[in-house]
Amino acid sequence: MKSLIKNIYNKEKNAPMKKTLIAILTFLVAGCSIIYELAFAHVLSIIYGNTIQTYAITIGIFLFSMGIGALAVTKIKNNNEKITFFYVEVLISITALLFTLLSFHIASIELLGNKTINYSFIAAIGILSGAELPLLGILYNKSAKGMVQVLSIDYFGSLSGTLIFAFVLLGNIGPLDSILYTSITNLFIAFLFALVYHRKAVGLFLLTGLIGINIYAIYDDKLFKHIEKQYYNNTTLKWYEKWVDNIPDSHFIEAHNKIKEIHHTKYQTYYITQGKIKTSKGTTEARCLWIGKGMQYCDQTVHSYHEFLCKTPQKILGKPKNALIIGGGDLICAKYLLEDKNIEEVILIDLDKDFVKWANKNIHYNEAVLKDKRLKVIYGDAYSEVLKLNKKFDLIIEDLPILETDALIHIYTVEFYRTLKNLLKTEGLYSGYVDKLKNDSALKNILTCAGWDNGVWYPGINLNKFSNMAMFEEFILLGNIKKIKEKSEYYTVNYIQDTAKEIKGECNESEQTNSIFKPNYNLILKPNFKND
């Protein structure tokens, strides 16, 4: 290897070998560039929500900045292309590392233009990436034909990077580590390039590379998880505490003061918080599960929530034979349904296989229900998966997180709920909770537009006699509401009969509906994270 590099470096007759090296580097930098573009967009969509808008802005800024970078190459003096390319690779690596360390912190502090600061990292990487291709083209061959060859290699490298990010990096190591590994790749490219073209720069590379690799080796996941914990502590949890502070008899204020663990899949971020809360019986520990910016449950409310959402409609129906759960990846709802030996089949559709596996292993409320042969889990997008079902159900339960980004906006549509209506038996029931959209009445209107003209809604209450923590959900039952009015010995059914209100009104298509072909982005919940 050493003699090969020496020959490449010293002998002009080995120009074809140099071309091969430039071709390899072109392929690598193109792959790195597209990975940065996708990973940056993914990170910022986690921070700011609105996935489509965030990706669009990120790609637009990146492409525009690449144009600036390419134009800047024309100002470089002849014979300086080699050292310039080396410094470009080092600067890309440093910029990417800074983004991973600072982006969440910048987003969590009340700072004028904090979005602009984060997007400036994208612009910086874009400018530097835009300079890579012209520089490599000049080094490869200054002719027009040579530039075309370099360009074609760049396109192949971009496809490779896209596939690697989508199918390898994102699901296995997450977006932040993807950026870090890619930045190390850029350092490797700089090192390889310096060995062949500019040996004097090797010392600088070794210094820069040593710093970057040591940061990764020493801190690894601990550093990034600490950064994310601080972000959620300073944004979601503080906002939530201020929100519930205005609710009478609420005791969540002291509950979410510490994130114990945080996890990622390629679809979502979820974490566990733990702290002390005040209850009617004194002070107790509260352990809560959050997905993104929405709380799923706390120990003190998990029973009440699933009792109303899952168990009560099952009791109203008597002895339903089968049920369909949309979402519910924590498997708790499935466990509640399968406690009844009369139920023969429960089908659960959830997008996130990794989260379901984690829940089965770590959430004791579901009692590892995956072992029950009556439960069938389908992993996939609920909108497309329900279209494949060829049977009808006694009970359909929707247990999805709040709409905090546009990733699920196609689920909360007239078309989706119309499909669910067609899957429900004549004597069946649909059960869901209402306050998952920005406007509490929006879901009721969407359901009305989908043809659900028979239903009731009611406020949830805490059924935990050891805690007086408030519940914030409102629940909804659709379909065979005559069954709701029948006499029952089950305590929650009696409560519903006393408090439920019928859903009335006509479909308002102009204001609060949501369609696949005309999505209503105003329905997305956008918490105010300013630290007032």
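Just so we're clear, the structure is a prediction, and the values are computed from it rather than from any experiment.

A. Expanded view of the overall build of the protein chain. Helix and strand counts for the protein chain come out as 15 helices and twelve strands. Counted over contacts in the protein chain with a minimum sequence separation of 6, partners at least 24 positions apart contribute 73%. Of the accessible surface of the protein chain, which amounts to about 24800 Å², a share of 57% is contributed by carbon and sulfur atoms.

B. Representation of the state of the cysteines in the model. This model, assessed by the stated rule, comprises three disulfides. Covalently, Cys288 is tied to Cys298 through a disulfide, its sulfur atoms 1.9 Å apart. On the sign convention where negative means left-handed, the S-S torsion of about 100 degrees between Cys288 and Cys298 marks this disulfide as right-handed. Placement of the pair is Cys288 in strand β3 (residues 282–291) and Cys298 in strand β4 (residues 294–298), with a sequence separation of ten residues. With relative accessibility at 1%, the residue Cys288 sits in the buried group. For Cys298, a relative accessible area of 0% gives the class buried. Across the disulfide from Cys449 sits Cys507; the S-S distance is 1.8 Å. Judged by the torsion about the S-S bond (95 degrees), the Cys449/Cys507 disulfide is right-handed. Placement of Cys449 in helix α14 (residues 440–449) and of Cys507 in the segment after β12 (501–502) is noted, with a sequence separation of 58 residues between them. Among the residues examined, Cys449 registers a relative accessible area of 14% and is labelled buried. Exposure remark for Cys507: the relative accessible area of 31% places this residue in the partly exposed category.

C. Structural view of the environment of Phe308. Inspection of the secondary structure puts Phe308 in helix α9 (residues 302–317). Looking at Phe308, the relative accessible area reads 0%, which means it is buried. Separated by 123 residues in sequence, Phe308 and Ser431 place their C-alpha atoms 8.8 Å apart. If we ignore the near neighbours within four places in the chain, the residues touching Phe308 are Pro313, Ser431, Tyr458, Gly460, Ile461, Leu463, Phe475, Thr492 and Tyr495.

D. Seen up close, the sheet that holds strand β10 (residues 455–459). Judged by pairing direction, the sheet is mixed, and its eight strands sit side by side in the order β7-β6-β5-β8-β9-β11-β10-β12 without closing on themselves. Looking at strand neighbours, the two that pair on one side only are β7 (375–379) and β12, the edges of this open sheet.

E. A look at the side chain of Glu415. When you line up the elements, Glu415 lands in helix α13 (residues 414–423). One buried charge, Glu415, has no salt-bridge partner; the nearest side chain with opposite charge is Arg418, at 5.6 Å. Here Ser515 takes part through its side chain, which lies 2.7 Å from a polar atom of the side chain of Glu415. Here Ile516 takes part through its backbone nitrogen, which lies 3.1 Å from a polar atom of the side chain of Glu415.

F. Broad picture of unusual backbone geometry. Look at Leu331: it is not a glycine, yet its phi comes out positive at around 70 degrees. Along the polypeptide, Leu331 turns up in the loop between β5 (322–327) and α10 (332–338). Residue class for Leu331 comes out buried when judged on its relative accessible area of 0%.

G. Local environment of the packing of helix α3 (residues 51–73) against helix α5 (residues 114–140). Between α3 and α5, whose axes approach to 6 Å, the crossing angle comes to 45 degrees. Taken together, the axes of α3 and α5 lie oblique to each other. For the crossing formed where α3 meets α5, the hand is right-handed. Contact residues: Thr54, Ile57, Thr58, Ile61, Phe62, Ser65, Met66, Ile68, Gly69, Ala70 and Val73 in α3; Tyr119, Ile122, Ala123, Ile125, Gly126, Ile127, Ser129, Gly130, Ala131, Pro134, Leu135 and Ile138 in α5. Here the contact of α3 with α5 is composed, by residue class, of 16 nonpolar, seven polar and no charged.

H. How the structure looks around the packing of aromatic side chains. For the structure shown, the criterion picks out 21 aromatic pairs. On the numbers, 6.0 Å between centres and 75 degrees between planes, the contact of Tyr36 with Phe40 is edge-to-face. Placement of the pair is Tyr36 and Phe40 together in helix α2 (residues 15–48), with a separation of four residues, close to one helical turn. Cluster of aromatic residues (ring-pair linked, three or more members): Tyr305, Phe308, Tyr433, Tyr458, Phe475 and Tyr495. Above the ring of Tyr140, the side-chain terminus of Lys19 is found at 5.4 Å from the ring centroid.

I. How the structure looks around the nonpolar core. Ranked by size, the top nonpolar core spans 60 residues in total, and within it Tyr36, Phe40, Ile179 and Phe193 carry the most contacts. Sorting elements by how many residues they give to this core places α2 first, with 15 residues. Once residues within four sequence positions are removed from consideration, Phe40 is found in contact with Thr58, Ala96, Phe99, Phe121, Ile122, Ile125 and Ile179.

J. Seen up close, helix α15 (residues 491–499). Listed in full, the buried residues belonging to α15 are Thr492, Val493, Tyr495 and Ile496. Summarising the axial view, the buried residues of α15 lie within an arc of 160 degrees, below the 170-degree limit, and thus occupy one face. Close packing links the buried residues of α15 with α9, β10 and β11 (474–479).

K. The confidence of the model for the protein chain, seen in detail. A residue-level look at the protein chain finds 78% of positions with pLDDT of 70 or above and a mean pLDDT of 80. Long-range and interchain partners of residues 466–470, a stretch whose pLDDT sits below 50, account for 21 contacts in this model, where long-range means more than four residues apart.

L. Geometry of the environment of Val386. Mapped onto the elements of the fold, Val386 is located in helix α12 (residues 382–386). Note on Val386: relative accessible area 2%, which makes it buried. Here the alpha-carbon distance between Val386 and Leu420, two residues 34 residues apart in the chain, equals 7.6 Å. Leave out the neighbours within four places in its chain, and Val386 touches Ile326, Ile349, Phe416, Thr419, Leu420 and Leu423.

M. Fine view of the side chain of Gln314. Relative to the assigned elements, Gln314 resides in helix α9. Gln314 gets classed as buried once you look at its relative accessible area, which sits at 1%. Look past the residues within four positions of Gln314 in its chain and what remains in contact with it is Pro320, Tyr336, Leu337, Asp340, Ile343 and Leu395.

Cut-off values and rules
Residues numbered from 1 in each chain as written. Predicted model: local features only at pLDDT ≥ 70, side-chain atom pairs only at ≥ 80, totals over all residues. Heavy atoms only, no water. Helix = DSSP H or I, 4+ residues; strand = E, 2+ residues; numbered from the N terminus. Contact = heavy atoms within 4.5 Å. Areas by Shrake-Rupley, 256 points an atom, 1.4 Å probe, with all protein chains shown as cover. Disulfide = S-S within 2.5 Å. Buried < 20%, exposed > 50% of the residue type's maximum accessible area, 1.4 Å probe, protein only. Pairing = 2+ DSSP bridges. Lys, Arg positive; Asp, Glu negative; His and termini not counted. Salt bridge = Lys/Arg side-chain N within 4 Å of Asp/Glu carboxyl O. Polar contact = N/O pair within 3.5 Å; in protein donor to acceptor, adjacent residues only side chain to side chain. Axes fitted to C-alpha atoms, helices over the stretch in contact; angles between N-to-C directions. Parallel < 35°, antiparallel > 145°, perpendicular 65-115°, else oblique. Left-handed = near helix turned anticlockwise from the far one by under 90°. Nonpolar A, V, L, I, M, F, W, Y, C, P; charged D, E, K, R; others polar. Phe/Tyr/Trp six-rings, centres within 6.5 Å; stacked < 30°, edge-to-face > 60°. Lys NZ or Arg CZ within 6 Å of the ring centre and 35° of its normal. Core = buried A, V, L, I, M, F, W, Y, C linked by side-chain atoms within 4.5 Å. Arc of directions from axis to C-beta. pLDDT = per-residue confidence, 0-100.

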